[in-house]
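An overview of the molecular structure
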Amino acid sequence: MSVIMEKEALDVKKIRAGFPELLRSVNAYPLVYLDNAATGLKPSAVIERMRAFDMLEYATVRRGSYKIGEEATEQFELARADVARFINANPGEVVFTSGATQSINLVASSWGRKFLKEGDEVLVSAMEHHANIVPWQMVCAETGAKLRVIPVDDTGELVMDEYARLLGPRTKIVAVTHVSNVLGTVNPVRDITAMAHGEGARVLIDGAQAIPHMKVDVRGIDCDFYVFSSHKLYGPTGLGVLYGKADVLESMPPYVTGGDMIERVTFEKTTFRKAPARFEAGTPPVTQVIGLGEAVRYIQRVGLGRIEEYERELLEYGERTLSAIPGIRFIGTAPGKASIISFTLGDIHPHDIVTALDHHGVAVRGGHHCAQPLMDRFGVPATVRASFAFYNTFADIATLAEGLREVVEVFS
Ligand SMILES: *Cc1c(COP(=O)(O)O)cnc(C)c1O
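Definitions and cut-offs
- Residues numbered from 1 in each chain as written.
- Predicted model: local features only at pLDDT ≥ 70, side-chain atom pairs only at ≥ 80, totals over all residues.
- Heavy atoms only, no water.
- Helix = DSSP H or I, 4+ residues; strand = E, 2+ residues; numbered from the N terminus.
- Rg over C-alpha atoms; globule rule 2.2 N^0.38 Å.
- Contact = heavy atoms within 4.5 Å.
- Areas by Shrake-Rupley, 256 points an atom, 1.4 Å probe, with all protein chains shown as cover.
- Near = heavy atom within 4 Å.
- Polar contact = N/O pair within 3.5 Å; in protein donor to acceptor, adjacent residues only side chain to side chain.
- Nonpolar A, V, L, I, M, F, W, Y, C, P; charged D, E, K, R; others polar.
- Axes fitted to C-alpha atoms, helices over the stretch in contact; angles between N-to-C directions.
- Parallel < 35°, antiparallel > 145°, perpendicular 65-115°, else oblique.
- Left-handed = near helix turned anticlockwise from the far one by under 90°.
- Pairing = 2+ DSSP bridges.
- Core = buried A, V, L, I, M, F, W, Y, C linked by side-chain atoms within 4.5 Å.
- Buried < 20%, exposed > 50% of the residue type's maximum accessible area, 1.4 Å probe, protein only.
- Domains from an automatic or database assignment.
- Salt bridge = Lys/Arg side-chain N within 4 Å of Asp/Glu carboxyl O.

Within the protein, the secondary structure is distributed over 15 helices and 17 strands. In summary, the protein has a C-alpha radius of gyration of 22 Å against a globular reference of 22 Å for 412 residues, a match within 12%. In terms of overall dimensions, the protein has a C-alpha envelope of 70 × 55 × 40 Å along the principal axes. For the protein, restricting intrachain contacts to residue pairs at least 6 apart in sequence, the fraction spanning at least 24 positions comes to 72%. Here the protein displays about 17600 Å² of accessible surface, and carbon together with sulfur accounts for 53% of that area.

In structure tokens:
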């Protein structure tokens, strides 16, 4: 990726031509896909790489006794190295899981059961996805540790003074999201981490929503764990990443046990391999890992700098255009937020809004977005969420606004 190319603006027309699903229609309208916070569409580059692999290169990995197995293993580990470079980690610090959800469960179960005890505290925030709440609740119930919550202010920012007050010698781990999947708030994860480390606590960052929108540098953040899903980064489903600092991973017992993660098994005793193999029991999702490797290379070709800049323009246009809709209330107005807009529209139920928009081929999400405590915080049962990717256009947003105007007319 040359510096000169990064300076050129994004060629959205050309990019869209590389996402086949964008060419389809829905209810006789062209698809306007604005649910990117739920999952990203796949570029041809990823689809074709996986197809080519499955057609002629497929074999299981890490058995290594014949040529095609060796080649598949090479491709598999190359993808791991590319993912590691993408987040500024070492390949040995990248564990493949089934998704961000499983990555967090792995840490809560393995690290949590070993290091948490009665009287310890786990800090999460009021804007967490259920995936970063429930696993901690479970391990707290099991160990006697206590779950405490960093509050969120009216704009959707973490109250950092309260965070500082909650932190203490009892805090053993802080688990917060990098970017809120509802509010779009970008949390100051570097500061959060430094403050936690000052108290000797570990830090897990849920990067599911950050990874498609911004350059992530796990060493720069200095967090102990960073998790994300492949499918929100324009890769396949069924695959996620757990980054863990090498020494921290090494201190943790296996989460799932079985084949491929052992050194030696006898019926008396089993010894385990080092990370990441220790956490990758069984046959891994080989084709999906190859696909994620290609997704990462694809994103780097497009350029995260350009993606960030263009998505900021989309967000500004979206906020400006939607703010003119009568009765709209934005949930999440933090400065510097990512390209996610949540809102309510008078008393109209979000599900009615979503259904009406779907009739026009516009896909947005309505509901609690797996963040019920956050809905409670803002006193709403649900919101409508439009989330933008770099393949969305200003015209997509204009279509959304037009649809919303119609909804207001029909329901008032
Ligand atoms: C989507 C999401 C998750 C869960 O990701 P899965 O791919 O469903 O495992 C966790 N946290 C956040 C913030 C998310 O947006």
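Take the site of the ligand next. Neighbouring the ligand are 13 residues; Thr101, Asp206, Gln209, Ser229 and Lys232 lie closest to it. At 2.6 Å from an oxygen atom of the ligand is found a side-chain nitrogen or oxygen belonging to Thr101. Lys232 has a polar side-chain atom sitting 2.8 Å from an oxygen atom of the ligand. Relative to its free-state accessible area of 380 Å², the ligand is covered by the protein chains to the extent of 86%. Split into classes, the residues belonging to the shell around the ligand amount to 3 nonpolar, 8 polar and 2 charged.

Our next topic: the packing of helix α13 (residues 350–358) against helix α15 (residues 394–411). Look at α13 against α15: their axes get within 10 Å of each other, and the N-to-C directions meet at 120 degrees. Compared by their axis directions, α13 and α15 come out oblique. In terms of crossing hand, the pair formed by α13 and α15 is right-handed. Contacts between α13 and α15 involve Asp352, Ile353, Ala356 and Leu357 from the first element and Leu400, Gly403, Leu404, Val407 and Phe411 from the second. Looking at side-chain class alone, the contact of α13 with α15 contains 7 nonpolar, 1 polar and 1 charged residues.

Another point: the sheet that holds strand β14 (residues 340–345). On the basis of which strands lie adjacent, the open sheet formed by 4 strands has the order β13-β14-β17-β16 and antiparallel pairing. The sheet is open, and its two borders are formed by β13 (328–331) and β16 (365–367), each paired with just one other strand. Across the sheet, the mean angle from the axis of one strand to that of its neighbour is 30 degrees, orientation sign disregarded. Pairing analysis gives 4 bridges linking β14 to strand β17 (residues 383–387), with the strands arranged antiparallel. The residue bridging Phe343 from the neighbouring strand is Val384, located in β17. Strands in contact with helix α12 (residues 304–322) are β13 and β14; relative to β14, the strand with the most contacts, it is inclined by about 10 degrees. Packed on one face of the sheet, α13 meets β14, β16 and β17 and runs near 160 degrees to β16.

Let us now look at the nonpolar core. Counting residues in each nonpolar core, the largest one holds 102 residues, and the members touching the most others are Tyr226, Phe390 and Tyr391. Looking at which element gives the most residues to this core, the answer is helix α11 (residues 286–302), with 8 residues. Formed jointly, this core draws a minimum of three residues from each of two domains, domain 1 (2–36 + 303–411) and domain 2 (48–300). The residues touching Tyr226, leaving out its near neighbours within four places in the chain, are His178, Ile205, Gly207, Ala210, Ile211, Val216, Val218, Ile221, Val241, Leu242 and Tyr243. One finds Ile104, Trp111, Phe225 and Met252 within the second-largest nonpolar core, a separate group that totals 27 residues.

Now for unusual backbone geometry. The omega torsion across Ala275 and Pro276 is 0 degrees, close enough to zero to call that bond cis. Here the phi dihedral of Ala28 falls at roughly 70 degrees; this positive angle occurs in a residue that is not glycine. Within the element layout of this structure, Ala28 appears in the loop between β1 (25–26) and β2 (29–30). Of the residues examined, Ala28 reaches a relative accessible area of 75% and is grouped as exposed.

Going through the model one piece at a time under the given rule, you end up with 24 salt bridges. We note a salt bridge from Arg62 to Asp260, for which the minimum N-O separation is 3.0 Å. Highlighted residues: Arg62 in the loop between α3 (44–57) and α4 (67–86) and Asp260 in the loop between α10 (246–250) and β11 (262–265), separated in sequence by 198 residues. On the basis of relative accessible area, Arg62 is assigned to the buried category, the value being 19%. Salt-bridge contacts for Arg297 lead to Glu294; the nearest nitrogen and oxygen are separated by 3.4 Å. In this pair, Arg297 and Glu294 are both assigned in helix α11, 3 residues apart and thus about one turn of the helix distant. Using a relative accessible area of 11% as the deciding quantity, one classes Glu294 as buried.

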